[in-house]
Structure formats: structure tokens, C-alpha cells
Amino acid sequence: MSLVGKLSAEILIVASHHMHHGVWSGRPHHISNVSPGKIKKVHLHEGDWGSVGSVIEWHYVMDGKDHAAKEVVESIDEENKAVTFKVIEGDLLKEYKSFKVIVQSIPKGEATWVRWTLEYEKLNKDIPHPFKEIEYLVHLSEELDDHLVQA
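Residues numbered from 1 in each chain as written. Predicted model: local features only at pLDDT ≥ 70, side-chain atom pairs only at ≥ 80, totals over all residues. Heavy atoms only, no water.

**Some remarks on empty space enclosed by the protein**
Tallied over the entire structure, the rule returns 2 cavities of 30 Å³ or more. Looking at the largest cavity, its volume works out to about 250 Å³. Forming the walls of the largest cavity are 17 residues, and the residues nearest its centre are Tyr60, Glu71, Val101, Tyr136 and Leu137. For the lining of the largest cavity, the element with the highest residue contribution is helix H3 (residues 131-150), accounting for 4 residues. Across the lining of the largest cavity, the residue classes break down as 15 nonpolar, no polar and 2 charged. (1 Å grid on protein atoms, 1.4 Å probe; cavity = no way out; pocket = protein on both sides within 12 Å on 5 of 7 lines; lining within 4 Å. Points joined across faces, edges and corners; volume = space filled by probe spheres on them. Helix = DSSP H or I, 4+ residues; strand = E, 2+ residues; numbered from the N terminus. Nonpolar A, V, L, I, M, F, W, Y, C, P; charged D, E, K, R; others polar.)

**Examining the environment of Glu142**
Tracing the backbone shows Glu142 in helix H3. In the structure, Glu142 is positioned 119 residues away from Val23 in sequence and 13 Å away in space, judged by C-alpha atoms.

**As for the side chain of Ser54**
Topologically, Ser54 is positioned in the loop between strand E2 (39-46) and strand E3 (55-62). Note on Ser54: relative accessible area 2%, which makes it buried. There is a polar contact of 3.0 Å between the side chain of Ser54 and the backbone oxygen of Ser51. Ignoring anything within four residues of it in the chain, the contact list for Ser54 reads Leu44, Glu46, Gly47, Asp48, Glu71, Val72 and Val73. (Buried < 20%, exposed > 50% of the residue type's maximum accessible area, 1.4 Å probe, protein only. Polar contact = N/O pair within 3.5 Å; in protein donor to acceptor, adjacent residues only side chain to side chain. Contact = heavy atoms within 4.5 Å.)

**Overview of unusual backbone geometry**
Notably, Asp63 is not glycine yet its phi reads approximately 55 degrees, a positive angle. Examined against the element boundaries, Asp63 turns out to sit in the loop between E3 and strand E4 (65-77). Residue class for Asp63 comes out exposed when judged on its relative accessible area of 58%. Residue Lys81 is not a glycine yet carries a positive backbone phi of 50 degrees. Mapped onto the fold, Lys81 is located in the loop between E4 and strand E5 (82-90).

**Quick word on the sheet that holds E4**
As summarised here, the arrangement of the 7 strands in space is E1-E7-E6-E5-E4-E3-E2, forming an open sheet in which the pairing is antiparallel. Every interior strand has two partners, whereas the edge strands, strand E1 (4-13) and E2, have only one. If you compare each strand with its neighbour and ignore which way they point, the axes differ by 25 degrees on average. As defined by bridge partners, E3 adjoins E4 across 8 bridges and the pair is classed as antiparallel. In the sheet register, Met62 faces E4, and the bridge partner there is Lys65. Packed on one face of the sheet, helix H1 (residues 17-26) meets E1, E3, E4, E5, strand E6 (96-108) and strand E7 (111-122) and runs near 155 degrees to E6. Across the sheet, H3 lies against E1, E2, E3, E6 and E7, angled at about 20 degrees from E1, the strand it touches most. (Pairing = 2+ DSSP bridges. Axes fitted to C-alpha atoms, helices over the stretch in contact; angles between N-to-C directions.)

**Things to note about the pattern of salt bridges**
Scanning the entire structure with this criterion turns up 8 salt bridges. For Glu119, the salt bridge is made with Lys6, and the minimal N-O distance between the two is 3.9 Å. Here the residue Glu119 occupies a position in strand E7, and Lys6 occupies one in strand E1, the gap between them amounting to 113 residues. For Lys6, a relative accessible area of 58% gives the class exposed. Taking the shortest distance from any N to any O, the salt bridge between Lys94 and Asp91 comes out at 3.1 Å. (Salt bridge = Lys/Arg side-chain N within 4 Å of Asp/Glu carboxyl O.)

Take a look at the structure:
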């Protein structure tokens with residue numbers, strides 16, 4: 001059984017790909033205002049918002065439990081409207097040797113396909129694949145879409 005994996009999920013949202021990508025690429029700290037039940041705090045630990053190499057600290061709730069993650073913005077691809085975050089500290093690294101989160105906003109007429117991709121390496125074969133994490137991110141996109149459409 002391989003310890004390395006990749007999961008992807010897509011959801012169609014109403015907000016434009018520019019708006020959705022703009023939040024994840026330059027204003028991820030706004031997510032805590034959009035979804036305070038899921039995202040408690042987002043702090044810039046190093047660098048500048050919207051800059052590759054910046055370090056962002058997330059405090060979030062999943063399955064009723066508080067979690068934290070520190071991520072470096074590994075890449076921002078403006079042409080393909082994609083952002084890659086690499087987890088460098090936090091609860092996820094208790095189960096995964098490496099963990100990357102990629103969010104891409106793909107235009108679909110007047111709507112947007114949001115593609116979430118998780119690339120990971122589990123510490124051992126008993127660790128589950130991160131299905132609940134990708135589901136969490138899909139729900140977060142739904143909440144962000146509701147907010148962006150109302151704005």
C-alpha cells in the first residue's frame with residue numbers, strides 16, 4: 001500500500017473565477033469573516049498577503065475540534081488562477097509527512113469550477129486518506145461563494 005496520495009474534488013460555484021481566486025491568492029484572511037464557524041483565525045506569520053513565500057497560520061475547527069496549521073504560499077499562478085499552500089507545521093503533520101493544498105478557480109461560462117487538490121504522504125499505512133479534509137474545503141468554497149455572490 002502506497003503512503004503517497006493525491007485527492008481532488010470539484011464544485012461549481014456562481015461567483016467569478018477572478019473573485020474566488022482573489023480571495024485565496026491575496027486575501028485568505030477574509031475567510032475567517034466568511035466562515036467563522038470553520039475558520040477561527042488567519043494570521044500572516046511572515047511576508048505579505050498575496051506573496052509567494054509568505055507564511056500563513058490557520059486556526060480552524062473540524063469535527064468539533066480546534067486545529068492549527070502553518071502554511072507557506074508555495075506558488076500563485078495568475079494565468080491558471082491556482083494557489084498552492086504547503087503545510088509546514090500543525091496538526092496535519094501528526095499524520096502526514098507532507099501535505100499540500102492546491103485550489104484552482106476555472107471559468108465555466110458565468111460560473112466557476114473550483115478544484116481542490118490535496119497531495120500528501122502519510123506517516124504510515126494506518127493513517128486515513130484525507131477525505132474529510134477535502135470535503136471540508138469543498139464546503140468552505142460553498143460558504144465563500146454565498147458570501148461573494150451577496151457582496
